[in-house]
Each structure stands twice: as C-alpha cells, then as structure tokens.
Amino acid sequence: QVQLVESGGGLVQPGGSLRLSCAASGSVFSIVAMGWYRQAPGKRRELVATVTSGGSTNYADSVKGRFTISRDNAKNTVYLQMDSLKPEDTAVYYCNAYTRHSVTSATTNYWGQGTQVTVSS
C-alpha cells in the first residue's frame with residue numbers, strides 16, 4: 001500500500017505560479033513512476049505530467065513549457081511547479097503513484113485526495 005498526501009493548491013491570478021507537492025509513504029520501494037493528473041468540472045481526468053524513478057518525464061502538450069515536474073527520491077516526494085497559469089488550468093489536481101510488485105509484477109495505481117487549483121482574476 002502507498003499513501004499520498006498532496007499540498008499546495010489554491011487561488012492564483014492568470015500568469016501566476018503555484019507549486020504542488022505530493023509526499024508518498026508506505027511501500028514506496030514499489031513505486032515505478034509518480035505523476036499529476038487533473039479533472040475539471042464536467043471533464044474526464046487527464047494526465048498533466050509524470051516522472052519515472054529513473055527521472056524520465058512526460059508532459060501533456062497543454063502544459064509543456066509552463067509546468068515542471070520533479071522528484072526528490074530521498075523524501076519520496078514529487079513536485080509540480082506551475083508557471084504562467086491560465087484559467088483553463090483550473091481543476092482538481094491528483095497525485096498518482098504507479099507501482100509494480102517485485103515478485104508478481106502486478107501493477108497498481110494509487111491516488112491522492114486531490115487539491116483544488118483555481119486560476120482566476
């Protein structure tokens with residue numbers, strides 16, 4: 001089991017910045033990748049950015065050049081630095097941990113509780 005605790009959401013004006021944090025605990029040794037997803041009202045949850053245990057990153061086209069994902073393996077924490085925020089970035093942001101069992105190779109997705117990001121003037 002992996003537990004995820006998110007922080008850092010809030011209200012920001014267009015063009016502003018926010019930094020989200022997600023701390024993992026529990027069976028962190030099984031984590032293969034961590035990432036952020038978001039869900040706006042009436043829309044499906046979508047990928048924002050991911051980072052593997054080896055440091056490889058992946059971004060949604062809509063956030064490339066504005067958002068940066070990073071990972072502190074020593075603290076089992078992943079960050080999402082969000083700059084040049086737009087109203088369309090408004091959503092609940094969810095932290096995700098993708099794990100693989102070392103013996104069975106079974107994979108599991110774990111989710112945080114979500115943190116609200118609102119971009120509005």
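Residues numbered from 1 in each chain as written. Predicted model: local features only at pLDDT ≥ 70, side-chain atom pairs only at ≥ 80, totals over all residues. Heavy atoms only, no water.

*Asks:* Give me the lowdown on the overall build of the protein, citing residues and values where you can.
*Replies:* In terms of helices and strands, the protein carries 0 helices and 11 strands. Element order for the protein, N to C, with α for helix and β for strand: β-β-β-β-β-β-β-β-β-β-β. Radius of gyration (C-alpha) of the protein: 14 Å, near the 14 Å computed for a compact globule of 121 residues. Here the C-alpha coordinates of the protein stretch approximately 50 × 25 × 25 Å along the principal axes. Nonlocal contacts in the protein, meaning residues at least 24 apart in sequence, comprise 54% of its contacts between residues at least 6 apart. Counting only carbon and sulfur atoms, one obtains 48% of the accessible surface of the protein, whose full area is about 6,400 Å². Charge separation in the protein, taken as the distance between the mean sites of 11 positive and 7 negative side-chain charges, equals 5 Å. (Helix = DSSP H or I, 4+ residues; strand = E, 2+ residues; numbered from the N terminus. Rg over C-alpha atoms; globule rule 2.2 N^0.38 Å. Contact = heavy atoms within 4.5 Å. Areas by Shrake-Rupley, 256 points an atom, 1.4 Å probe, with all protein chains shown as cover. Lys, Arg positive; Asp, Glu negative; His and termini not counted. Charge placed at Lys NZ, Arg CZ, Asp CG, Glu CD.)

*Asks:* Would you mind going over the pairing of strand β3 (residues 18-26) in detail, with residue names and values included?
*Replies:* Strand residues, when the strand is regular, have side chains that alternate between the two faces of the sheet. Across 6 bridges, the pairing between strand β1 (residues 2-7) and β3 is antiparallel. Among the inter-strand pairings, V2 is bridged to a residue of β3, identified as G26. Here 6 bridges tie β3 to strand β8 (residues 77-82), and the two strands are oriented antiparallel to one another. The residue bridging C22 from the neighbouring strand is V78, located in β8. (Pairing = 2+ DSSP bridges.)

*Asks:* Tell me about the state of the cysteines, residues and numbers included.
*Replies:* Counted according to the given criterion, the structure contains 1 disulfide. Put simply, C22 and C95 are joined by a disulfide, and their sulfur atoms are 2.0 Å apart. Of note, the bridge from C22 to C95 carries an S-S torsion of about -85 degrees and is left-handed in sense. With C22 in strand β3 and C95 in strand β9 (residues 91-100), this residue pair connects regions lying 73 residues apart in the sequence. Given the relative accessible area of 0%, C22 is considered buried. We classify C95 as buried; its relative accessible area is 0%. (Disulfide = S-S within 2.5 Å. Buried < 20%, exposed > 50% of the residue type's maximum accessible area, 1.4 Å probe, protein only.)

*Asks:* Describe in detail the nonpolar core, supporting the description with residues and values.
*Replies:* Ranked by size, the top nonpolar core spans 30 residues in total, and within it L4, M34, W36, L80, M82 and Y93 carry the most contacts. When contributions to this core are tallied by element, the ones reaching two or more residues are β1, β3, β4 (31-39), β5 (46-52), β7 (67-72), β8, β9 and β11 (115-119). The residues contacting M82, other than those within four sequence positions of it, are G16, S17, L18, L20, R66, F67, Y93 and V117. (Core = buried A, V, L, I, M, F, W, Y, C linked by side-chain atoms within 4.5 Å.)

*Asks:* Summarise the sheet that holds β1; cite the residues concerned and give the values.
*Replies:* Spatial strand order, β1-β3-β8-β7: 4 strands in an open sheet with antiparallel pairing. Here the strands that pair on one side only, and so sit at the sheet edges, are β1 and β7. Ignoring strand direction, the axes of neighbouring strands in this sheet form an average angle of 15 degrees. (Axes fitted to C-alpha atoms, helices over the stretch in contact; angles between N-to-C directions.)

*Asks:* Can you break down the packing of aromatic side chains residue by residue, with the values?
*Replies:* Scanning the model with the defined rule gives 1 aromatic pair in all. Seen from their ring centres, Y37 and W111 are 5.1 Å apart, and the 75 degrees between their planes marks the pair as edge-to-face. In this pair, Y37 sits in strand β4 while W111 sits in strand β10 (residues 107-111), placing the two residues 74 residues apart along the sequence. Here R19 stacks its cationic end above the ring of Y79, 4.1 Å away from the centre of that ring. For R45, the ring lying beneath its charged end belongs to W111, and the centroid distance is 4.6 Å. (Phe/Tyr/Trp six-rings, centres within 6.5 Å; stacked < 30°, edge-to-face > 60°. Lys NZ or Arg CZ within 6 Å of the ring centre and 35° of its normal.)

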